[in-house]
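# Coordinates in review
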Amino acid sequence: METPFNEELLEKRQALLDMGVTPYPYDFKTSHKLNEIREKQEELMEQNVSVAGRITALRRQGKKVFFIDLEDFDNRIQLYMKQKNLGDENWQALLQLNIGDWLGVTGKLFVTKMGELSVNGEEMSVLSKAVVPVPIAKSKGEESFYQLSDAEILYRQPYIRWITDKKARETMVTRSRIISAIRTFMEEREFLEVTTPTIETLYGGAAAKPFETNIHALSNQEAYLRISPELPLKKFIAGGFPKVFTICQNFRNEGIDRSHNPEFTMMEWYEALTDYNYQMDQFETLVSTVVQKVTGDMKITYQDTEIDFSPPWDRFTMIEAIKKFGDIDVENMSEDELRAKVKELDKDGKMKKEFSWGHGVNFLFEELCEEKLIQPTFIMDHPIEISPLTKVKRGNEKLVERFEPFVVGMEIGNAYSELTDPVEQYARFKEQRKFDELSMEQEGTVHHPIDMDFINAIAMGMPPTGGVGLGIDRLVILLTDQPSIRDVIAFPMMRRIVSEAEENENENKDEDKSEE
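Naming follows an unreviewed UniProt entry, where the protein chain appears as Lysine--tRNA ligase of Uabimicrobium amorphum. In its Catalytic activity (unreviewed entry) section, the UniProt record describing the protein chain reads: "tRNA(Lys) + L-lysine + ATP = L-lysyl-tRNA(Lys) + AMP + diphosphate". The Subunit (unreviewed entry) comment attached to the protein chain in UniProt states, word for word, "Homodimer."

In structure tokens form, the structure reads like this:
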């Protein structure tokens, strides 16, 4: 297998080894992070400091002086490296270094005549010799030159993005702070964090296509990666736990776009003795609290648009939204009129040949309303056909007590007054199964199995419960002002690069098949 190693850099690595320099030591003790040095520079002036980081610029001045820019995770500093101060052995080692290498330096802190805070290097340690070129851009003031801009490479090799782009590193830090703030909020409200299975023998809790696998230790039994933690979490409630939540990866074998990745992070929580009205208030309180804690304000700017997360958020039923944003009064339409309107708007043939009233209403909402929901908005009271795990709307049996919050046209959550009647739940599952079978005939889609263990759990008595899901990745998109989910997931899903040898092998297989 061909390695990525660069011959010139390998030679420099070997030169260091020949000098007796270990280019990959075990540790290095720093006295301060670079942020600390800048914060305390007055009290540290003319004192010895030990710093470490990656070389981001090398400037030689004459034969016996180097100016080096060193960067750690948060900041940068200039090193003044003079042969007289370092000694011949360290100087010869310094000559083998390149941009991208890691270096540790000890020396006095001072300010140059140009006003640049610097370390006068007296001792140095090579901490890591890179043997592939590191594409760090050259910079002058606020401008950067020769910056790697190939998005394909940056997404496939995120470590390059983090090395070369401080903002990309900050996005990952903000992501962690968001999750931490969510956990703190839930724990302060006495929720218990629990885990649910990643591999399940039955999938459920969402209308999604699963990833399939087999468990060899169980006679090759079929299994699936979790599409949702919903049903296991409800078993906790049925088992007597009053408030539970989980933050986990879900896996759906479906499309990839600006807001979807096959592997994504969700938070779900369930709280006994509450309904969707209570959870609507709690949802906007949670999100606005997290926004305030992470950004310092409840107002943010996303892609040049100001978004105000301050409660209360706007609230519309799905039917009201279609009337307000789509100018269609579905409440007073006959089913034939609704079907005709859907077929008129369905330019891409998304809808099945046979679809229910509820699926038609949902289609109209998605086509006419979603992209117009810019400020945080709750859409409530969905059709019963698209919500098999939800209690019927009090006063209207065609709808259910469900809400979805939207921001900048993007759904960031989903919540129900959970269906707790086991007899009705079983009937709803069977009805959904019939619709799935019709869909499979028409489009080859998957069916949703009936989890009888879940039915058994709620049959033992499940109290009134409000259940909520929050899309972590989508919240991070908003709070880091990123255009795509790929920018907030450390390792987004990408098409595998096929080598030339593999391409030739595949072509030969295709030829063999055609001959057969």
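### Some points on the UniProt feature "binding site: Mg(2+) 2" (unreviewed entry) in the protein chain
UniProt's feature table lists "binding site: Mg(2+) 2" (unreviewed entry) at Glu411, given in the numbering used throughout. In this fold, glutamate 411 is placed in strand S21 (residues 410–411). The class for glutamate 411 is partly exposed, based on a relative accessible area of 26%. When residues no more than four places from it in sequence are discounted, the contact partners of glutamate 411 are Glu404, Pro405, Phe406 and Arg474.

### Focus: the domain arrangement of the protein chain
You'll often see interface size given as the accessible area lost when the parts meet. Here the protein chain is described as being made up of domain 1 (7–134) and domain 2 (166–313 + 375–493). Taking only C-alpha atoms, the centre of domain 1 and the centre of domain 2 are 48 Å apart.

### Here we look at the UniProt feature "binding site: Mg(2+) 1" (unreviewed entry) in the protein chain
Per the UniProt record, "binding site: Mg(2+) 1" (unreviewed entry) is found at Glu404 and Glu411. Mapping glutamate 404 onto the fold places it in strand S20 (residues 402–407).

### A word on the side chain of threonine 265
Relative to the helices and strands, threonine 265 is located in strand S13 (residues 263–272). What threonine 265 contacts, discounting residues up to four positions off in sequence, is Arg175, Ile247, Cys248, Gln249, Leu470, Gly471, Ile472 and Asp473.

### Quick notes on the sheet that holds strand S11 (residues 221–225)
As summarised here, the arrangement of the 3 strands in space is S9-S11-S10, forming an open sheet in which the pairing is antiparallel. Edge strands, defined here as strands with exactly one partner in the open sheet, are strand S9 (199–200) and strand S10 (212–215).

### What about helix H1 (residues 7–18)?
Helix length check: H1 (12 residues) gives 16 Å between terminal C-alpha atoms against 16 Å at 1.5 Å per residue, within 8%. For H1, the full list of buried residues reads Leu9, Lys12 and Leu16. Looking down the long axis of H1, one finds its buried residues gathered within 55° of arc, a one-sided arrangement. H1 presents Glu7, Glu11 and Asp18 as exposed residues on the side facing more than 90 degrees away from its buried surface.

### Regarding the nonpolar core
By size, the foremost hydrophobic cluster in this structure holds 43 residues, and its most contacted members are Ile182, Met267, Trp269, Phe283, Phe309, Leu470 and Leu478. Here methionine 267 is in contact with Ile182, Met186, Phe245, Thr246, Ile247, Val468, Gly469, Leu470 and Ile472, once residues within four sequence places are set aside. By size, the runner-up hydrophobic cluster in this structure holds 25 residues, among which are Val49, Leu70, Leu86 and Leu94.

### Quick notes on the sheet that holds strand S5 (residues 117–128)
Sheet architecture is closed into a barrel: 5 strands sit in the order S1-S2-S3-S5-S4, paired in mixed fashion. Averaged over all pairs of adjacent strands, the angle between strand axes in this sheet comes to 55°, irrespective of strand direction. Here strand S1 (residues 48–61) runs beside strand S2 (residues 65–71); their pairing, made up of 7 bridges, is antiparallel. Note that in S2 the partner of arginine 60 across the bridge is phenylalanine 66.

Procedures and definitions
- Residues numbered from 1 in each chain as written.
- Predicted model: local features only at pLDDT ≥ 70, side-chain atom pairs only at ≥ 80, totals over all residues.
- Heavy atoms only, no water.
- UniProt positions renumbered as here; feature names shortened; annotations may be inferred.
- Helix = DSSP H or I, 4+ residues; strand = E, 2+ residues; numbered from the N terminus.
- Buried < 20%, exposed > 50% of the residue type's maximum accessible area, 1.4 Å probe, protein only.
- Contact = heavy atoms within 4.5 Å.
- Domains from an automatic or database assignment.
- Pairing = 2+ DSSP bridges.
- Expected span 1.5 Å × (residues − 1).
- Arc of directions from axis to C-beta.
- Core = buried A, V, L, I, M, F, W, Y, C linked by side-chain atoms within 4.5 Å.
- Axes fitted to C-alpha atoms, helices over the stretch in contact; angles between N-to-C directions.

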